[in-house]
Amino acid sequence: RIPPMMDEYLRLVGPGILASLAAVNVLVISDTTGANHLHLGLASLAVLVCVGVVAWRRSLLPGLLAAAALVAIARWLGVA
């Protein structure tokens with residue numbers, strides 16, 4: 001049996017890896033010269049919402065649903 005502390009750590013490894021991949025793909029953009037720049041926009045906000053909800057609820061699905069709902073509502077309102 002895995003100790004409870006290790007079990008909680010291992011349950012959060014997957015969401016942590018997904019969050020880091022999403023953050024790099026959304027927050028860093030390359031221009032035509034190959035230089036990297038920080039980009040903040042709706043997708044960045046969605047990633048932060050997802051990370052926050054996952055940290056709060058300790059589950060990936062509510063975080064993904066919250067991020068998708070944020071983007072859907074912003075696009076429906078014409079903000080994005």
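Residues numbered from 1 in each chain as written. Predicted model: local features only at pLDDT ≥ 70, side-chain atom pairs only at ≥ 80, totals over all residues. Heavy atoms only, no water.

Comments concerning the overall build of the chain
A count of helical and extended segments in the chain gives four helices and two strands. Element order for the chain, N to C, with α for helix and β for strand: α-α-β-β-α-α. Over its C-alpha trace the chain gives a radius of gyration of 15 Å, far above what one expects of a compact globule, namely 12 Å for 80 residues. Overall, the chain is about 50 × 35 × 10 Å in size when its C-alpha atoms are taken along their principal axes. Each of the 80 residues in the chain was classed as buried or not, and the buried ones make up 15%. Counting contacts in the chain only where the partners sit at least 6 residues apart, residues at least 24 apart contribute 34% of the total. When the accessible area of the chain is evaluated, it comes to approximately 6,100 Å², of which 70% is carbon and sulfur surface. (Helix = DSSP H or I, 4+ residues; strand = E, 2+ residues; numbered from the N terminus. Rg over C-alpha atoms; globule rule 2.2 N^0.38 Å. Buried < 20%, exposed > 50% of the residue type's maximum accessible area, 1.4 Å probe, protein only. Contact = heavy atoms within 4.5 Å. Areas by Shrake-Rupley, 256 points an atom, 1.4 Å probe, with all protein chains shown as cover.)

Things to note about the packing of aromatic side chains
In the structure shown here, the tally under the stated rule is zero aromatic pairs. Above the face of the Trp 56 ring, Arg 57 is positioned so that its terminal group lies 5.3 Å from the ring centre. (Phe/Tyr/Trp six-rings, centres within 6.5 Å; stacked < 30°, edge-to-face > 60°. Lys NZ or Arg CZ within 6 Å of the ring centre and 35° of its normal.)

Re the confidence of the model for the chain
Residue-level pLDDT values for the chain average 88, and 100% of them are 70 or greater. Across the chain, helix α4 (residues 60–77) holds the top mean pLDDT of 94, while helix α2 (residues 13–27) sits lowest at 82. (pLDDT = per-residue confidence, 0-100.)

Overview of the nonpolar core
Ranked by size, the top nonpolar core spans five residues in total: Ala 46, Cys 50, Val 54, Ala 67 and Val 71. Elements supplying a minimum of two residues to this core: α3 (42–57) and α4. Sorting elements by how many residues they give to this core places α3 first, with three residues. The contact partners of Cys 50, leaving out residues within four places of it in the chain, are Gly 63, Leu 64 and Ala 67. (Core = buried A, V, L, I, M, F, W, Y, C linked by side-chain atoms within 4.5 Å.)

Concerning the environment of Asp 31
Take Asp 31: it is sitting in the loop between β1 (28–30) and β2 (36–38). When its relative accessible area of 33% is taken as the criterion, Asp 31 is described as partly exposed. Separated by 40 residues in the primary sequence, Asp 31 and Val 71 have C-alpha atoms spaced 25 Å apart. Looking at Asp 31, its side chain comes within polar contact range of the side chain of His 37, at 2.9 Å. (Polar contact = N/O pair within 3.5 Å; in protein donor to acceptor, adjacent residues only side chain to side chain.)

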